[in-house]
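Residue-level structure breakdown
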Amino acid sequence: QVLLVESGGGLVQAGDSLTLSCVASGLTFSSYAMGWFRQAPGKEREFVATISGSGGSTYYKDSVKGRFTISRDNAKNTVNLQMNSLKPEDTAVYYCAAEFNPSTVVHDADFAPRYDYWGQGTQVTVSS
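As for its position among the elements, Asn 101 is in the loop between strand 9 (92-100) and strand 10 (117-118). Within polar-contact distance, the side chain of Asn 101 engages the backbone nitrogen of Ser 103 at 2.9 Å. Not counting residues up to four positions away in its chain, the partners in contact with Asn 101 are Ser 31, Tyr 32, Ala 33 and Val 106.

On to unusual backbone geometry. Backbone geometry places Asn 77, a non-glycine residue, at a positive phi of 50 degrees. Asn 77 gets classed as partly exposed once you look at its relative accessible area, which sits at 22%.

This part takes up the sheet that holds strand 1 (residues 3-7). The four strands are arranged 1-3-8-7 in an open sheet whose pairing can be described as antiparallel. Edge positions in the sheet fall to strand 1 and strand 7 (68-73), since each of these pairs with one other strand and no more. Strand-to-strand, the axes of this sheet are offset by a mean angle of 15 degrees, without reference to chain direction.

For Thr 78, the position within the fold is in strand 8 (residues 78-83). Since its relative accessible area comes to 12%, Thr 78 is described here as buried. A distance of 2.9 Å separates a polar atom in the side chain of Thr 78 from the backbone oxygen of Lys 76. Ignoring sequence-local partners within four residues, the contact set of Thr 78 consists of Ser 21, Cys 22, Val 23, Phe 29, Ser 71, Arg 72 and Asp 73.

Formed by 28 residues in total, the largest nonpolar core has its most connected members in Met 34, Trp 36, Val 79, Leu 81, Met 83 and Tyr 94. Elements with a minimum of two residues in this core: strand 3 (18-25), strand 4 (32-39), strand 5 (46-51), strand 7, strand 8, strand 9 and strand 11 (122-127). Here Leu 81 is in contact with Leu 18, Thr 19, Leu 20, Trp 36, Val 48, Ala 49, Phe 68, Thr 69, Ile 70 and Tyr 94, once residues within four sequence places are set aside. If you look at the next biggest cluster of nonpolar residues, it comprises seven residues, including Phe 47, Ala 97, Ala 109 and Tyr 115.

So, how was this worked out
- Residues numbered from 1 in each chain as written.
- Predicted model: local features only at pLDDT ≥ 70, side-chain atom pairs only at ≥ 80, totals over all residues.
- Heavy atoms only, no water.
- Helix = DSSP H or I, 4+ residues; strand = E, 2+ residues; numbered from the N terminus.
- Polar contact = N/O pair within 3.5 Å; in protein donor to acceptor, adjacent residues only side chain to side chain.
- Contact = heavy atoms within 4.5 Å.
- Buried < 20%, exposed > 50% of the residue type's maximum accessible area, 1.4 Å probe, protein only.
- Pairing = 2+ DSSP bridges.
- Axes fitted to C-alpha atoms, helices over the stretch in contact; angles between N-to-C directions.
- Core = buried A, V, L, I, M, F, W, Y, C linked by side-chain atoms within 4.5 Å.

The analysis is restricted to geometry; functional conclusions fall outside its scope.
Now the structure itself:
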């Protein structure tokens, strides 16, 4: 049974930083590209960032480039999302996702249906 468990969400002020973590179990972690998506109230789920299985390739939504950093530790089956300079529009439930992909390249990283497993989400609220 594959489980993805997110943590690290919370209530912060604009300009603050937050780090989200996702621990995976039940899969060969290094064979999976790991992504972060988010969903704000009344909006569709959207792509935030993805990292390849080896960690050698990363992909970001344009609006978070330069503010967010995705990283992974394959020894700990963990993927992190460091979020700096947070804005109120970053408020959403953040989801961790896993796509079976042993390659160093993640095609269509922003396409949610490509991902095989999803976590339950962690709430991030940024106040102005």
